[in-house]
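Listed below are the residues making up each chain.
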Amino acid sequence: MSEKIPRHVAIIMDGNGRWARARDQPRVKGHEQGAEAVNRVTRACRARGVEVLTLYAFSEQNWRRPADEVTALMRLLLRYVRGQRREILDNNIRLTVLGDIDKLPLFVRAPLKALMKESAHNDGMILALALSYGGREELLRAVRAVAARAQRGELRAADIMEADFEAELFTAGWPDPDLLIRTSGEARISNFLLWQIAYTELYFTPIAWPDFDEAELDRAFEHYQGRQRRFGMTGAQIEAEGLIKAEETTL
Ligand code: FPP
């Protein structure tokens, strides 16, 4: 792969259930294969120099799924934390969570928190699992925090800046996602990173998450590399800016 690797890749890992159904297998089999895809894609992103990989593993709304599926997903998460601990630490990856981690059952929350602590100083790549996560919930949480600061007299409502708000998001200090991938054919955002994806390139693929691999990731990166991100400006402005930047770096 050449230049322009996205710094932050976010993925909506969809299609585990359909993958399993197509093979006459229980849904949990699809999730198990989905966990294998998580490992493949994490390795591939680390190798390509991605700085942040954010995976939508369990939404706030997923609590509404049948209890046995929720339990199976929690068990799978525990197995993941135990099984991937060594690889995460050996590869200088920092594991972190976006979402209401306190809602997770203790049997998964405790080892998850322990690995987050153990890996906290790693700086090779951030692997962020969105668990019990919702974008609107994250926005509300940030609004409450900023409002509390205003109430304490730390800042005036009229002085609230984007940076004050961003500081209260789970993603504080990270670059916004450059590329958002959603697998399995749906073209929806499903309450994921609503603030952060304002200028993100979106990539939808029909491939089910359990089948997603390194080659599919490269395909998504190629799509990203072919896009021109304009951030509200014109193409000509971006090209001119690119020229200026190129001159600056060669001076
Ligand atoms: C969406 O597929 C997927 C999920 C709700 C769970 C994602 C979980 C994993 C990929 C595995 C576990 C994760 C980790 C980090 C170990 P779906 O079940 O909604 O599929 P469907 O739309 O085809 O029914």
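Heads up: these notes are all about the structure in this document.

1. Concerning the nonpolar core
Grouped together as the largest cluster of nonpolar side chains are 41 residues, with contacts concentrated most on Ile-11, Leu-53, Leu-127 and Ile-181. Of the residues forming this core, the biggest block, eight residues, is contributed by helix 3 (residues 67–90). Here Leu-53 is in contact with Val-9, Ile-11, Val-41, Thr-42, Cys-45, Met-125, Ile-126, Leu-127 and Ala-128, once residues within four sequence places are set aside. Of all hydrophobic cores here, the second largest spans 14 residues; its members include Ile-12, Val-52, Ala-128 and Leu-193.

2. A word on the pairing of strand 1 (residues 8–12)
Among the five residues in strand 1, five count as buried, and that is most of the element. Side chains His-8, Ala-10 and Ile-12 project from strand 1 onto one buried face, and the interleaved Val-9 and Ile-11 project onto a second face that is buried too. With five bridges connecting them, strand 1 and strand 2 (residues 52–59) associate as parallel partners. Each bridged residue has a counterpart across the sheet, and for Ala-10 the counterpart in strand 2 is Thr-54. Of the strand pairs in this sheet, strand 1 and strand 5 (residues 179–182) are connected by four bridges, and their pairing is parallel.

3. Section: the packing of helix 2 (residues 27–48) against helix 7 (residues 214–226)
For the pair helix 2 and helix 7, the least separation of the axes is 9 Å and the interaxial angle reads 50°. With respect to helix 7, the axis of helix 2 lies oblique. Two packed elements cross with a definite hand, and for helix 2 against helix 7 that hand is right-handed. In this structure, helix 2 uses Val-41, Ala-44, Cys-45 and Arg-48 to contact helix 7, whose residues at the interface are Glu-214, Leu-217, Asp-218 and Phe-221. Here the contact of helix 2 with helix 7 is built from residues that sort into five nonpolar, no polar and three charged.

4. Some thoughts on the packing of aromatic side chains
Within a pair of aromatic rings, the relevant descriptors are the distance that separates the centres and the angle that separates the planes. Counted according to the given criterion, the structure contains eight aromatic pairs. Ring pairing ties together the aromatic residues Tyr-56, Tyr-133, Phe-170 and Phe-192, which thus form one cluster. The ring of Tyr-224 has Lys-4 lying over it, and the distance from NZ or CZ to the ring centre is 5.2 Å.

Conventions and cut-offs
Residue positions within a chain follow its written sequence, with the count starting from 1. With the structure being a predicted model, the display of local features is reserved for residues of pLDDT at least 70 and the display and counting of side-chain atom pairs for 80 or more, all residues being used for whole-chain, interface and lining totals. Excluded from the side-chain calculations are hydrogens and water; all other atoms, namely the structure's heavy atoms, are used. In plain words, nonpolar cores are sets of buried Ala, Val, Leu, Ile, Met, Phe, Trp, Tyr and Cys residues tied together by side-chain atoms within 4.5 Å. Burial classification: accessible surface area is computed with a 1.4 Å probe over protein chains only, and a residue below 20% of its type maximum counts as buried, one above 50% as exposed, and the rest as partly exposed. Runs of H or I in DSSP of at least four residues are treated as helices and runs of E of at least two as strands, each being numbered from the N terminus. The contact definition used throughout considers only heavy atoms, calling two residues in contact when any of these lie within 4.5 Å. By the convention used here, strands pair only if DSSP detects at least 2 bridges between them. Every axis in this analysis is a line fitted to C-alpha atoms, fitted for helices over the stretch in contact. Angles between the N-to-C directions lie between 0 and 180 degrees. Our angle categories are set so that under 35 degrees counts as roughly parallel, over 145 as roughly antiparallel, 65 to 115 as roughly perpendicular, and the remainder as oblique. By convention the crossing between two helices is left-handed if the near helix lies anticlockwise of the far one by an angle smaller than a right angle, and right-handed if it lies clockwise. Amino acids are sorted into nonpolar (Ala, Val, Leu, Ile, Met, Phe, Trp, Tyr, Cys and Pro), charged (Asp, Glu, Lys and Arg) and polar (every other residue, Gly among them). Two rings from Phe, Tyr or Trp (for Trp, the six-membered ring) form a pair when their centres sit within 6.5 Å of each other. Planes less than 30 degrees apart are called stacked, planes more than 60 degrees apart edge-to-face, and all others tilted. The criterion for a charge sitting over a ring is simple: Lys NZ or Arg CZ within 6 Å of the ring centre, and within 35 degrees of the ring normal.

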